[in-house]
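Chain residues, written in single-letter form:
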Amino acid sequence: MKKLFLLLLAGLMVACDGDKKDTPKVKKLDPMAQMHIHIKKDLSRSAYADQHLSPEELLRKADAFQLWDKETMKVGRPGTRSIGDNEKDFEKLIIKMWGDDIITGDTIDTYWRDVKDLIICHRNGDTIGYIPQAVRNDAFKRILEAEKKKDYDLVYKLFQNAMAAIPCTPEEYKELKAKGLN
């Protein structure tokens, strides 16, 4: 009788464990997830190419992101987000960010959806790099599609792979912006 009871108990445990495997995990965007922006080597043949910082120099001198969104346009000055030394990874050439820089609640923050002119600045205010608007727009189109499908692994993957900053000079960025090529 005891053996029959143990055999029945073991069968119930296996059956219950099988139910757990069929239950989907509820997953949300994690504000504590680490995101990053790559610093790409400039491949430009522009007249400014010899003045560009190397990715290592750009990372060393990067002190803040500067950006325009709907709110900053209302007040007439760009928003900024500082870049601390602890957010710079020289081995991987990335700027590390926490998910809560980008995620609000369980969605991508609207200022990241709508941001324009995302540049990297030195403490003196000079533009030393930028994320091309076309790259950012394309990435966010795909990121938002993945978010709608609740494919959060793809959201992270797209962000990690698509967000890349390119070295530039202040003069070059002004020219790119004037031509609509930023």
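Everything that follows concerns the structure shown earlier in this document.
Analysis parameters
- Residues numbered from 1 in each chain as written.
- Predicted model: local features only at pLDDT ≥ 70, side-chain atom pairs only at ≥ 80, totals over all residues.
- Heavy atoms only, no water.
- Core = buried A, V, L, I, M, F, W, Y, C linked by side-chain atoms within 4.5 Å.
- Buried < 20%, exposed > 50% of the residue type's maximum accessible area, 1.4 Å probe, protein only.
- Helix = DSSP H or I, 4+ residues; strand = E, 2+ residues; numbered from the N terminus.
- Contact = heavy atoms within 4.5 Å.
- Pairing = 2+ DSSP bridges.
- Axes fitted to C-alpha atoms, helices over the stretch in contact; angles between N-to-C directions.
- Phe/Tyr/Trp six-rings, centres within 6.5 Å; stacked < 30°, edge-to-face > 60°.
- Polar contact = N/O pair within 3.5 Å; in protein donor to acceptor, adjacent residues only side chain to side chain.

Chemist: Sorry if this is basic, but what is going on with the nonpolar core here?
Modeler: Burial of nonpolar side chains together is a common tendency in soluble globular proteins. Of all hydrophobic cores here, the largest spans 36 residues; its most connected members are Ile37, Phe65, Ile108, Trp112, Ile120, Ile143 and Phe159. Going through the elements one at a time, strand 1 (34–39), helix 2 (55–61), strand 2 (64–68), strand 5 (94–98), strand 8 (116–121), helix 5 (133–148) and helix 6 (152–162) are the ones with two or more residues in this core. The element contributing the most residues to this core is helix 6, with six residues. Not counting the four nearest positions on each side in its chain, isoleucine 37 is found in contact with Phe65, Leu93, Ile94, Ile95, Met97, Trp112, Ile131, Met163, Ala164 and Ala165. In terms of nonpolar packing, the next biggest core, distinct from the first, is built from six residues, Ile119, Cys121, Tyr130 and Tyr173 among them.

Chemist: Hey, could you run me through the sheet that holds strand 2 in this one?
Modeler: Taken in spatial order, the eight strands of this open sheet run 3-2-8-9-10-1-5-4, and their pairing is mixed. The open sheet has two free edges, formed respectively by strand 3 (79–82) and strand 4 (88–89), since each of these has just one partner strand. Taken together, the five bridges between strand 1 and strand 5 define a ladder with antiparallel strand orientation. Residue pairing across strands places histidine 36 opposite lysine 96, the latter belonging to strand 5. Against the sheet, helix 7 (residues 170–179) engages strand 8, strand 9 (127–130) and strand 10 (164–167), with an angle of about 50 degrees to strand 9.

Chemist: I tried to follow the pairing of strand 1 on my own but got confused; where do I start?
Modeler: Residues in a regular strand project their side chains so that they alternate between the two faces of the sheet. Alignment of strand 1 against strand 10, held across two bridges, turns out to be parallel. By the bridge assignment, isoleucine 39 is partnered in strand 10 with alanine 165.

Chemist: I keep staring at the packing of aromatic side chains and nothing clicks. Help me out?
Modeler: According to the stated counting rule, one finds two aromatic pairs in the structure shown. Measuring from ring centre to ring centre gives 6.4 Å for phenylalanine 140 and phenylalanine 159, while their planes differ by 85 degrees; the resulting arrangement is edge-to-face. Note that phenylalanine 140 is positioned in helix 5 and phenylalanine 159 in helix 6, a separation of 19 residues in sequence. We note that phenylalanine 140, like phenylalanine 159, is buried.

Chemist: How should I be thinking about the environment of histidine 52 in this particular structure?
Modeler: Relative to the elements of secondary structure, histidine 52 occurs in the loop between strand 1 and helix 2. Since its relative accessible area comes to 12%, histidine 52 is described here as buried. The sequence separation of histidine 52 and glutamate 172 amounts to 120 residues, and the corresponding C-alpha distance is 9.8 Å. Looking at histidine 52, its side chain comes within polar contact range of the side chain of glutamate 172, at 2.4 Å.

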